Amino acid sequence: METVKILSHLTPEEWKRSFWEKVVEDTDENMRAYQQTACYWGHFKDNRDFVLCHHKEFEIKSMSLGLYFNGRLETEERGSCITGKFGKKRSANLFLAMGAVLSLAVFFSAALRTDFEMLLVSALLFSILMLCYLSKPKKGQKKLLEQLEKISFDEKFHA
C-alpha cells in the first residue's frame with residue numbers, strides 16, 4: 001500500500017485547528033446529529049495519529065466499507081508533515097475475510113459433491129468478496145486527499 005506524504009506550511013497546532021474546523025469528530029452524539037449529511041469524520045488517536053474518513057449521507061458508520069485515511073502529524077522545520085495510508089475498518093476487513101473463507105469452504109464442499117451450480121455460486125461470491133477486500137477506490141482516495149489539502153493549506157490558520 002502506498003504511503004501518502006503532504007508537507008504543510010502550518011505548524012502542527014495550526015494544522016489541528018484547521019482539521020477541527022473542517023472535520024466532524026466521530027462521537028456518538030455527532031454521528032446522530034450528522035447522519036443525514038455528507039461530511040468528513042475524524043479523530044485523533046493521540047497527539048500525533050489521526051483518522052479521517054468521508055461519511056456519505058444516511059450511511060451507517062459501523063457498517064461502512066468506505067476508505068479511511070490513517071495519518072500521522074509530525075513537526076517539520078517549515079511547518080508540518082502529514083504521512084499516512086488508506087485502509088478500511090478492521091471490522092469491514094474481518095467481515096470480508098470471513099465471508100471469503102466461508103465461500104471457499106462451500107466451494108471445496110461443492111467440488112467434492114460435484115455440485116456445479118453451488119461451485120459456480122461460491123466462486124462468484126468469493127470473487128466479489130475479494131474484489132471488495134482488495135479495492136481502494138481512486139475516487140474515495142481523491143476525496144480524502146482533497147480534504148487533507150484543504151486542511152493543510154488553509155491560510156487563515158497560519159500566523
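One can find the structure itself at the top, above this paragraph.
All figures in this text were calculated on a predicted structure; none of them were measured in a lab.

Enquirer: Sorry, what's going on with the packing of helix α1 (residues 12-22) against helix α5 (residues 138-152) here?
Expert: Packed helix pairs are characterised by how far apart their axes lie and by the angle those axes make with each other. The N-to-C vectors of α1 and α5 enclose an angle of 130°; their axes lie 8 Å apart at closest approach. With respect to α5, the axis of α1 lies oblique. Here α1 runs over α5; the crossing is right-handed. Two secondary-structure elements touch here, α1 through Trp15, Ser18, Phe19 and Lys22 and α5 through Gln147, Leu148, Lys150, Ile151 and Ser152.

Enquirer: Please clarify how the nonpolar core should be interpreted in this entry.
Expert: The nonpolar side chains of a soluble globular protein tend to be buried, and buried together. With 19 residues, the main nonpolar core has Trp15, Phe19, Phe50, Leu52 and Phe69 as its most contacted residues. The leading source of residues in this core is α5, at three residues. Ignoring sequence-local partners within four residues, the contact set of Leu52 consists of Phe19, Val23, Tyr40, Trp41, Gly42, Leu67, Tyr68, Phe69, Leu144, Gln147 and Leu148. Judged by nonpolar contacts, the second largest core, of six residues, contains Cys39, Trp41, Val51 and Tyr68.

The rules behind the values
- Residues numbered from 1 in each chain as written.
- Predicted model: local features only at pLDDT ≥ 70, side-chain atom pairs only at ≥ 80, totals over all residues.
- Heavy atoms only, no water.
- Axes fitted to C-alpha atoms, helices over the stretch in contact; angles between N-to-C directions.
- Helix = DSSP H or I, 4+ residues; strand = E, 2+ residues; numbered from the N terminus.
- Parallel < 35°, antiparallel > 145°, perpendicular 65-115°, else oblique.
- Left-handed = near helix turned anticlockwise from the far one by under 90°.
- Contact = heavy atoms within 4.5 Å.
- Core = buried A, V, L, I, M, F, W, Y, C linked by side-chain atoms within 4.5 Å.
- Buried < 20%, exposed > 50% of the residue type's maximum accessible area, 1.4 Å probe, protein only.

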